[in-house]
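Report on the structure
Single-letter residue listing:
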Amino acid sequence: QTYGVVMAAAQKAAIAPTLPQLHLPDTKSVAWRFQLADKLGEDVKVVPVAVGGALNIGAVSQKYSDDMFELHYVSPVLPNGWAVLGEVGKAVPISPQRTLAIRAIGEGVEVDVIGSASEVVRMAFLSKAGAVSVVATTISDGGTATVRSQ
């Protein structure tokens, strides 16, 4: 599974790149934009990206400010219809340095993560029904944990 992070900076007009143009697999996916005011599970608007579809990235401010950059994320939809949005509060919500495995399980998802003992990991998911949820778990003394959403 390939996850994408797309940064848009100081562009005058809206663009609509396809997943292959972004060097991402052309598979059923979901996309969302991170904004500092967003709280995953409450205000994040996740949109579907169909096979052959494109991301809709609006114009970005050209004035030097926090608004001159936008981060957009792309997650593949798993065979059971769920998607892992990733770790809450991270610029790169899914990375191979943190995420060991992602498994679709029945009506949910399991994500194996690595970290420091007693660290709390908050992972966001998109259900088959389109609801965003955030699940927290604590890293074990062995340095791993499994985050489950159902």
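What counts, and where the lines are drawn
Residues numbered from 1 in each chain as written. Predicted model: local features only at pLDDT ≥ 70, side-chain atom pairs only at ≥ 80, totals over all residues. Heavy atoms only, no water. Helix = DSSP H or I, 4+ residues; strand = E, 2+ residues; numbered from the N terminus. Polar contact = N/O pair within 3.5 Å; in protein donor to acceptor, adjacent residues only side chain to side chain. Contact = heavy atoms within 4.5 Å. Buried < 20%, exposed > 50% of the residue type's maximum accessible area, 1.4 Å probe, protein only. Core = buried A, V, L, I, M, F, W, Y, C linked by side-chain atoms within 4.5 Å. Pairing = 2+ DSSP bridges. Axes fitted to C-alpha atoms, helices over the stretch in contact; angles between N-to-C directions.

1. Thoughts on the side chain of Glu87
Turning to its location among the elements, Glu87 is positioned in strand 5 (residues 83–87). In this structure the side chain of Glu87 is engaged in a polar contact, spanning 2.9 Å, whose partner is the side chain of Arg98. If sequence neighbours within four positions are ignored, Glu87 has contacts with Pro93, Arg98, Val121, Arg122 and Met123.

2. Overview of the side chain of Gln11
Examined against the element boundaries, Gln11 turns out to sit in the loop between strand 1 (4–9) and strand 2 (29–34). For Gln11, a relative accessible area of 14% gives the class buried. Within polar-contact distance, the side chain of Gln11 engages the backbone oxygen of Ala13 at 3.4 Å. For Gln11, the contacting residues outside a window of four places in its chain are Ile57, Gly58, Ala59, Val60 and Gln62.

3. Side note on the nonpolar core
Val84, Ile102, Val109, Val111, Val113, Met123 and Phe125 are the most contacted members of the largest nonpolar core, which has 15 residues in total. Contributing elements (two or more residues each) for this core: strand 7 (108–114), strand 8 (120–126) and strand 10 (144–149). Each residue touching Phe125, except ones within four places of it in the same chain, is listed here: Trp82, Ala83, Val84, Leu85, Val109, Val111, Ala131, Val132, Ser133, Val135, Val147 and Ser149. If you look at the next biggest cluster of nonpolar residues, it comprises 11 residues, including Val44, Tyr73, Val77 and Ala124.

4. Some remarks on the sheet that holds strand 5
The strand order across the open sheet built from 3 strands is 5-8-9, with neighbouring strands paired in antiparallel fashion. Looking at the sheet topology across the chains shown, the edges are occupied by strand 5 and strand 9 (132–138). For this sheet, the mean angle separating the axes of adjacent strands, direction not counted, is 25 degrees.

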